[in-house]
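Chains, contacts and geometry: an overview
These are the residues of each chain, in order.
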Amino acid sequence: MKPMSPFFSTGEGCITAEVRGLLMEILKVRVPLSFELALERSGLSPLLIKGKSILPIVQGGMGVGVSAHKLAGAVAQCGGMGTISSIDLRRLHPDLMEGTKYLKPSPESKELINQANIEALKREILMAQEISKGRGLIAVNIMRAVNEYAAYVKCSLENGVDAIVVGAGLPLDLPDLAADYPDTALIPILSESRGIHLLLRKWEKKGRLPDAIVIEHPRWAGGHVGASSIEEVQNPKFDFETVIPDTLAIFKTMGLEGKIPLIAAGGISSFDDIKRLQDLGASAVQLGTAFAVTTECDADDEFKKVLAEASPEDMVDFLSAAGLPARAVKTPWLTQYLEVLPKLQDVARKKPRCTMTFDCLHDCGLRDGNSQWGQFCIDKVLGSALVGNVQKGLFFRGAGKLPFGNQIKSVPELIIKLLEKSLEPPLHVNPAY
Ligand SMILES: Cc1cc2nc3c(=O)[nH]c(=O)nc-3n(C[C@H](O)[C@H](O)[C@H](O)COP(=O)(O)O)c2cc1C
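Just so it is clear, the structure is predicted and the values come from calculations on it, not from any experiment.

This part is about the overall build of the protein chain. Scanning the protein chain for helices and strands turns up 16 helices and 13 strands. Scaling as 2.2 N^0.38, a compact globule of 433 residues should have a C-alpha radius of gyration of about 22 Å, and the protein chain matches this with 21 Å. Projected onto its principal axes, the C-alpha positions of the protein chain cover 75 × 50 × 45 Å. Here the protein chain, with 433 residues, has 49% of them falling under the buried criterion. Sequence separation of at least 24 residues holds for 69% of the intrachain contacts in the protein chain that already meet a minimum separation of 6.

Okay, here's the thing in structure tokens:
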């Protein structure tokens, strides 16, 4: 028997490409046929955002420069949501980097760096949109904790991104910033239902609700995680089995049942994980590390190798300069930093200026002399990781296993693997249609 499409039935299966294209347009289906078939076989449900139907797979934003146009565009081209991380993207544009690398510290230099980063973000969005060919969704991830948060939101909205995803702080002002862009999806990242409830109440008063919510598990996710201390990261209160049902109960009391899709993030690596999370009530999943080790990822191959080859014993949780717990691979820089941290904390003092001139973080442990927070320049070490400097870089990574072990595969291969039940024969993938 012919399987039914989750999007629309093809009857005898003899519709032409043109008719199918038209139907996809009308139904706002943004998934190419090969991936639609894979989704159909998987029995998983599509993700609906702003009436657009895509694969239930989201590639999480990864700074600095790790998820830019190549990765986000490739994910969207397959019919998923690809996310560009907005921070310090000039690093991917030699002309912009050269023009701003050696500036003397001054308010004018800071302004020039910020302008270069906005120009880089604009270029990245346009290139990702071109790669995606109108499929999937292109999102921009912006950390609430960065100084240029509002400017990155404005640039993303003006350049027509499908969604703005905000983490590392509560984006209570996002509906105001996006008031003139009702068609852009707004997606906050949170880790527990209490924060979700607070945000919903505040946003409701502003007349706008999230178009989806990412629930990121602090025990598993890579990079900065949403817990108040390193110890709290392990708290079982963050388990999806707790947070998802609690959030659905909140939706019920607020009359929002079925209105806001939940996207679970952290430690997801297989079809079974996605199935389990959809059964729990999530609509989709977000993966970071697994996408960071794809051929299309915008970081250097050495970066991918460090992440792919790390074992659970190589992982470490520590406090970032942004004041949040973070998770990374224990590479040489991080090992040495953690050894000398007590001494650095003893001498922590407010600095006359930011190491990189542009004050990337609103509050920075190093610049502000806050000894309770991380004592390093986050932009510098993440920038070193991006170019594959294993000695000097900070390599953010999630704690979970990877779908292909230590192998580097392409985005289409990863997405198909995630949609495939383990016993099924592999599907031939042609992302071009
Ligand atoms: C290298 C790396 C950088 C990341 N940077 C960011 C970031 O800038 N903003 C953000 O919201 N999340 C960031 N994350 C988190 C991911 O978007 C994603 O939610 C998380 O990694 C999911 O967990 P997983 O890696 O186990 O799949 C980062 C993760 C990694 C691995």
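Next comes the rest of the account.
Another point: the pairing of strand β12 (residues 315-319). On any regular strand, side chains alternate: one points to one face of the sheet, the next to the other face. Of the strand pairs in this sheet, β12 and strand β13 (residues 325-329) are connected by 5 bridges, and their pairing is antiparallel. Bridging across to β13, Leu-319 finds its partner in Pro-325. Taking the residues that link successive antiparallel strands as the turn, the β12-β13 hairpin has 5 residues, and the phi of Gly-323 there is positive, at about 85°.

What follows deals with the site of the ligand. The local shell around the ligand holds 29 residues, among which Gly-60, Gly-222, Gly-223, Gly-288 and Gly-398 are the closest. Looking at the shell around the ligand, the elements that each hand over two or more residues are β5 (137-143), β11 (284-287) and α11 (289-292). Residue contributions to the shell around the ligand peak at 3 residues, all from α11. Residue composition of the shell around the ligand, by class: 12 nonpolar, 15 polar and 2 charged.

On to unusual backbone geometry. A cis amide bond links Gly-63 with the next residue in sequence, Val-64, at an omega value of -5°. Within the secondary structure, Val-64 sits in the loop between β3 (57-59) and α3 (69-77). In the Ramachandran plot, Ala-168 falls in the positive-phi region, its phi being about 55° despite a non-glycine side chain.

A few words on the nonpolar core. In this structure, Ile-164, Ile-263 and Val-285 are the most contacted members of the largest nonpolar core, which totals 129 residues. Top contributing element to this core by residue count: helix α5 (residues 107-132), with 7 residues. With near-sequence residues (within four places) excluded, Val-285 lies in contact with Pro-56, Ile-57, Val-58, Ile-263, Ala-264, Ala-265, Ile-268, Asp-273, Ile-274 and Leu-277.

Moving on, we get to the sheet that holds β13. Overall, antiparallel pairing links the 3 strands, which are arranged β9-β13-β12 in an open sheet. Looking at the sheet topology across the chains shown, the edges are occupied by β9 (223-224) and β12.

A separate point is helix α2 (residues 33-42). Taken as a whole, α2 has its buried residues at Ser-34, Phe-35, Glu-36, Ala-38, Leu-39 and Ser-42. Check the buried side of α2 and you find it contacts α10 (271-280) and α16 (411-419). Within two residues after α2, Gly-43 carries a phi angle of roughly 80°, on the positive side.

On to the confidence of the model for the protein chain. The pLDDT averaged across the protein chain works out to 92; a share of 94% of its residues lies at or above 70. The model gives residues 1-6 a pLDDT under 50, and that stretch makes 11 contacts with residues more than four places away or in other chains. Here residues 8-12 is modelled with pLDDT under 50, and outside its nearest four sequence neighbours on either side it reaches 5 contacts, counting other chains as well.

Most of α3 is tucked away, with 9 of its 9 residues classed as buried. Turning to α3, its buried residues number three or more, namely His-69, Lys-70, Leu-71, Ala-72, Gly-73, Ala-74, Val-75, Ala-76 and Gln-77. Against β3, β4 (81-85), α5, β5, α11 and α16 lie the buried residues of α3. Once α3 ends, the next one or two residues include Gly-79, with phi positive near 105°.

Let us look at the pairing of β5. With respect to burial, β5 is a largely interior element, 7 of its 7 residues being buried. Burial along β5 is two-sided: Leu-137, Ala-139, Asn-141 and Met-143 facing one way and Ile-138, Val-140 and Ile-142 facing the other are all buried. Across 5 bridges, β4 lies against β5 in parallel orientation. In the strand pairing of β5, Met-81 is matched with Leu-137. Of the pairings in the sheet, the one linking β5 to strand β6 (residues 163-167) comprises 5 bridges and is parallel in character. Opposite Asn-141, over in β6, you have Val-165 as the bridge partner. Handedness of the crossover joining β5 and β6 through helix α6 (residues 149-158): right-handed.

Relative to the helices and strands, Ser-53 resides in strand β2 (residues 52-54). Residue classification places Ser-53 among the buried residues on the basis of 21 C-beta atoms within 10 Å. For the pair Ser-53 and Gly-79, spaced 26 residues apart in the sequence, the C-alpha separation amounts to 8.8 Å.

Between α5 and α6, whose axes approach to 10 Å, the crossing angle comes to 35°. For the pair α5 and α6, the crossing hand works out as right-handed. Taken together, the residues of α6 that come into contact with α5 (itself represented by Asn-114, Ile-118, Leu-121, Lys-122 and Ile-125) are Ala-151, Tyr-152, Cys-155 and Ser-156. Grouping the constituent residues of the contact of α5 with α6 by class yields 6 nonpolar, 2 polar and 1 charged.

Put simply, helix α4 (residues 94-101) and α5 touch, their axes get as near as 10 Å, and they point 175° apart. Viewed along their axes, α4 and α5 adopt a mutual orientation that is roughly antiparallel. In contact with Leu-96, Gly-99 and Thr-100 of α4, α5 contributes Leu-112, Ile-113, Ala-116, Glu-119 and Ala-120. In terms of residue class, the contact of α4 with α5 is made up of 5 nonpolar, 2 polar and 1 charged.

What counts, and at which threshold
- Residues numbered from 1 in each chain as written.
- Predicted model: local features only at pLDDT ≥ 70, side-chain atom pairs only at ≥ 80, totals over all residues.
- Helix = DSSP H or I, 4+ residues; strand = E, 2+ residues; numbered from the N terminus.
- Rg over C-alpha atoms; globule rule 2.2 N^0.38 Å.
- Buried ≥ 20, exposed ≤ 12 C-beta atoms within 10 Å, placed from the backbone.
- Contact = placed C-beta atoms within 7 Å.
- Pairing = 2+ DSSP bridges.
- Near = placed C-beta within 6 Å.
- Nonpolar A, V, L, I, M, F, W, Y, C, P; charged D, E, K, R; others polar.
- Core = buried A, V, L, I, M, F, W, Y, C linked by C-beta atoms within 7 Å.
- pLDDT = per-residue confidence, 0-100.
- Right-handed = clockwise from strand over helix to strand, strands pointing away.
- Axes fitted to C-alpha atoms, helices over the stretch in contact; angles between N-to-C directions.
- Left-handed = near helix turned anticlockwise from the far one by under 90°.
- Parallel < 35°, antiparallel > 145°, perpendicular 65-115°, else oblique.

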